[in-house]
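Architecture at a glance
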Amino acid sequence: GGTFTQLFAGAAFYMANLPAGASEVVLFQFRDGSNVAQCSLTVSTTGVLEVRSGDHNDAIVADSNTLSPTPPITAQAYKFVEIYVDIGNGASPADGEVEVRVDGVTVISATSIDTRGGASGANCEQISLGATGENLSLDIADFYVCDTTTAINNDFLVDTQWLDHL
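The paragraphs below set out a description of the structure included in this document.

Reading guide: rules and limits
All residue numbers here refer to positions counted from 1 along the written sequence of the relevant chain. Per-residue local features are limited, in this predicted model, to residues with pLDDT of at least 70; the limit for side-chain atom pairs, both in listing and counting, is 80 or more; totals at the level of whole chains, interfaces and linings are taken over all residues. Side-chain figures throughout are based on the complete set of non-hydrogen atoms in the structure, without hydrogens or water. By this definition, two strands are paired if DSSP reports at least two bridges between them. Put simply, DSSP marks the helices as runs of H or I at least four residues long and the strands as runs of E at least two long, and each gets a number from the N terminus on. Axis angles are defined between N-to-C directions and span 0 to 180 degrees, where every axis is a line fitted to C-alpha atoms and, for a helix, only to the segment in contact. Under the pairing criterion, centres of Phe, Tyr and Trp rings, with the six-membered ring standing for Trp, must be within 6.5 Å; the plane angle then separates stacked pairs below 30 degrees from edge-to-face pairs above 60, leaving the rest tilted. Buried residues are those whose accessible area, probed at 1.4 Å on protein chains only, stays under 20% of the maximum for their type, while exposed residues exceed 50% and partly exposed ones sit between those limits.

Strands sit in the order 8-7-6-1-10 across an open sheet of five strands; the sheet is antiparallel. Only two strands of the sheet have a single neighbouring strand rather than two, namely strand 8 (105-113) and strand 10 (138-147). Strand after strand, the sheet turns through a mean of 15 degrees between neighbouring axes, direction not considered. Across eight bridges, the pairing between strand 1 (residues 6-15) and strand 10 is antiparallel. Residue pairing for strand 10: F13 is matched across the bridge by I140.

Given below as structure tokens:
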């Protein structure tokens, strides 16, 4: 538990198909203590990643088209997606920051954006994974969350799998 203004999260995602129609798939959603969406990372119907201020249907404040000429998410392939979100200090709605990496490559980097959406506070207290706007199968593996309050595990961890040998 706790409240945070800066968080890292990552997970491997697999979709048999990209979303269709006007529905996006939410990979990560950061929420305040009242369950109000502050910032969402969605996948569009073409595989483009979009950072939205608030919920999955709110304004797009950054997307992967700027740094990635091809959509980073494809159907029928696991992609390890990581996101760093700075909710900001609350002085202004547009004092947030976000970075998104896919398989270790930065595909979104944006500063001075609204990462609080309709939330009143600048603290993230919840993270939601894999909400879909349609009937779509989404597999999730290797999920992690880190904050910036300690000297270890306070950055992107990259895709890591632990195997025990018996």
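The final tally for this structure, using the stated rule, is four aromatic pairs. For the ring pair F13 and F28, a centre distance of 5.4 Å and an interplane angle of 90 degrees mean the geometry is edge-to-face. Of this pair, F13 sits in strand 1 while F28 sits in strand 2 (residues 25-31), and the two are 15 residues apart along the sequence. Each member of the pair, F13 as well as F28, is classed as buried.

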